[in-house]
Amino acid sequence: MEPPTTPPSPDVQPLPLDGLTVVAVEQAVAAPFATRQLADLGARVIKVERPGGGDFARHYDTAAAGLASHFVWCNRGKESIALDLKDPRGRDVLGRLLATADVFVQNLAQGAAARLGLDAATLCAADPRLIAVDISGYGTGGPYADRRAYDMLVQCEAGLVSVTGTPEQPVKSGIPAADIAAGMYAFSGVLAALVRRGTTGRGGPVEVSMLEALAEWMGHPLHHTIHGGTAPVRTGLAHTVIAPYDAYPTADGGRVLLSVQNDREWRRLAAQVLGSPELAEDPDVATNAARVVHRERTDAAVARALGELTAEEALRRLDAAGIACARLRGMTGLAAHPQLAARDRWREIGSPAGPLRALLPPLTLPGGEEARMGAVPGLGEHTEALLRSVGMTEAEITQLRQDGVAA
């Protein structure tokens, strides 16, 4: 006999999207990342995948206990149904799922959704309450509309690569920044459309392009260039207009970053960390403008002092002096970060490979239920249950499976 469950406290707010249904024809990162946020907040998310392989992000790597790390990151808490949408019977099943959906999200290749009748304009015309999201690389219309748009390509087109790296070498971001930007605007677009629907009773299309999302994130260098006349130079971990602001090696092989925001902080750094209070009055380095001009001398003074300390000693001294600082961590360091541990941010989620660690989403709603961090689904894990839920008979389900329309 199972032990009785404790009902939730009446004082605990439910998850804000509990009771909403999202259907997604999605792949890679942008749309799956958006819909995972919706699932975390309580929505039921039905992920429609291709039979025979599914979302191609399932096969990027096998780093997460045999599963693809991108897929594990972006797809927890979803139900997977494998359907061939090129077959009219597959589209009929999808139509039945959409009949009870609140939100539809797709990021198929440009033009593919329209050919299948799954573009936002078509779906919203048929069902005015539906919120339908089109995520694309470059948006509809314009000379780039039909171009392939992978994250690295969009990072280049949006100028992110031009401001990232060293003076000698531009580099792409180490994370899929264009995908994440588009995913987060799709997520916030759905939330905004839900608020509007609560007021007007109507849903409507939501359009997000990876280029436009990342271009918004490029606001500082973009405005620096179009209004100031010059593009920011690449400075690695340094800052173009602040010094000292960089990572410095320590005696134990670590690297400590620090940022001095004003001349008062510089005086404290010079006296309490560098052991050279006279630098506070030296005209070559006394002001931020002078330190930027004499960056090599400034950095050399900081590097000398920190190079004689361990990373832990350097951080203690910098903290005591009220200087903003951080340790340069890798992924192992992030996974063991004491702040994440102290705030109890790690959870276990289910997956076809067994339990996996995952971080709670950063959006916290105090006084409410904790984020719903469901399992990562296997391909087609929920196909049969979902086919039954839309009224398919046993014979129809068997036929769909035999014909490869469902898996």
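Residues numbered from 1 in each chain as written. Predicted model: local features only at pLDDT ≥ 70, side-chain atom pairs only at ≥ 80, totals over all residues. Heavy atoms only, no water.

So, about the overall build of the protein chain. Looking only at helices and strands, one finds 17 helices and 11 strands in the protein chain. Summarising the internal contacts of the protein chain: among those between residues at least 6 apart in sequence, 66% fall at separations of at least 24. In the form shown here, the protein chain has an accessible surface area of approximately 20,600 Å², with 56% of it arising from carbon and sulfur atoms. Distance from the positive charge centre (39 side chains) to the negative charge centre (47 side chains) of the protein chain: 0 Å. (Helix = DSSP H or I, 4+ residues; strand = E, 2+ residues; numbered from the N terminus. Contact = heavy atoms within 4.5 Å. Areas by Shrake-Rupley, 256 points an atom, 1.4 Å probe, with all protein chains shown as cover. Lys, Arg positive; Asp, Glu negative; His and termini not counted. Charge placed at Lys NZ, Arg CZ, Asp CG, Glu CD.)

A word on the sheet that holds strand E6 (residues 204-209). Pairing in this open sheet of 6 strands is parallel, and the strands run E3-E2-E1-E4-E5-E6 from one edge to the other. Either end of the sheet is taken by a strand with one partner, and the two such strands are strand E3 (78-82) and E6. If you compare each strand with its neighbour and ignore which way they point, the axes differ by 20° on average. Contacting strand E5 (131-136) and E6, helix H8 (residues 210-217) runs over the sheet at an angle of about 65° to E6. (Pairing = 2+ DSSP bridges. Axes fitted to C-alpha atoms, helices over the stretch in contact; angles between N-to-C directions.)

It is common to give the size of an interface as the accessible area lost on bringing the parts into contact. Taken as a whole, the protein chain is organised into domain 1 (21-221 + 345-403) and domain 2 (245-327). Relative to domain 2, the C-alpha centre of domain 1 lies at a distance of 45 Å. (Domains from an automatic or database assignment.)

Within the secondary structure, Thr-21 is located in strand E1 (residues 21-25). The class for Thr-21 is buried, based on a relative accessible area of 12%. If we skip the residues at most four places from it in the chain, Thr-21 touches Arg-44, Ile-46, Thr-100, Ala-101, Asp-102 and Val-103. (Buried < 20%, exposed > 50% of the residue type's maximum accessible area, 1.4 Å probe, protein only.)

The next point concerns the packing of helix H7 (residues 177-200) against H8. Between H7 and H8, the shortest axis-to-axis distance is 8 Å and the interhelical angle comes to 95°. Here H7 lies roughly perpendicular to H8, going by the angle between them. Contact with H7, carried on its side by Ala-177, Ala-178, Asp-179, Ile-180, Ala-181, Ala-182 and Tyr-185, involves Met-210, Ala-213, Leu-214, Glu-216 and Trp-217 of H8 and no other residues of that element. In terms of residue class, the contact of H7 with H8 is built from 10 nonpolar, no polar and 2 charged. (Parallel < 35°, antiparallel > 145°, perpendicular 65-115°, else oblique. Nonpolar A, V, L, I, M, F, W, Y, C, P; charged D, E, K, R; others polar.)

The subject of this paragraph is the pairing of E5. Across the 6 residues of E5, 6 count as buried, placing the element largely inside the fold. Taking every second residue as pointing to the same face, both faces of E5 are buried, with Ile-131, Val-133 and Ile-135 on one and Ala-132, Asp-134 and Ser-136 on the other. Sheet topology places E5 next to E6; 6 bridges connect them, and they run parallel. Paired with Asp-134 across the two strands is Glu-207, which belongs to E6.

One open sheet accounts for 3 strands, arranged E7-E8-E9; its pairing is antiparallel. Strands at the two margins of the open sheet, each flanked by one partner only, are strand E7 (245-249) and strand E9 (324-327). In this sheet, neighbouring strand axes are inclined to one another by 25° on average, regardless of whether the strands run parallel or antiparallel. Summarising the sheet, E7 and strand E8 (residues 255-259) pair through 5 bridges and their orientation is antiparallel. By the bridge assignment for E8, Tyr-248 is matched with Val-256. Across the sheet, helix H13 (residues 311-320) touches E8 and E9, and the angle it forms with E9 is around 160°.

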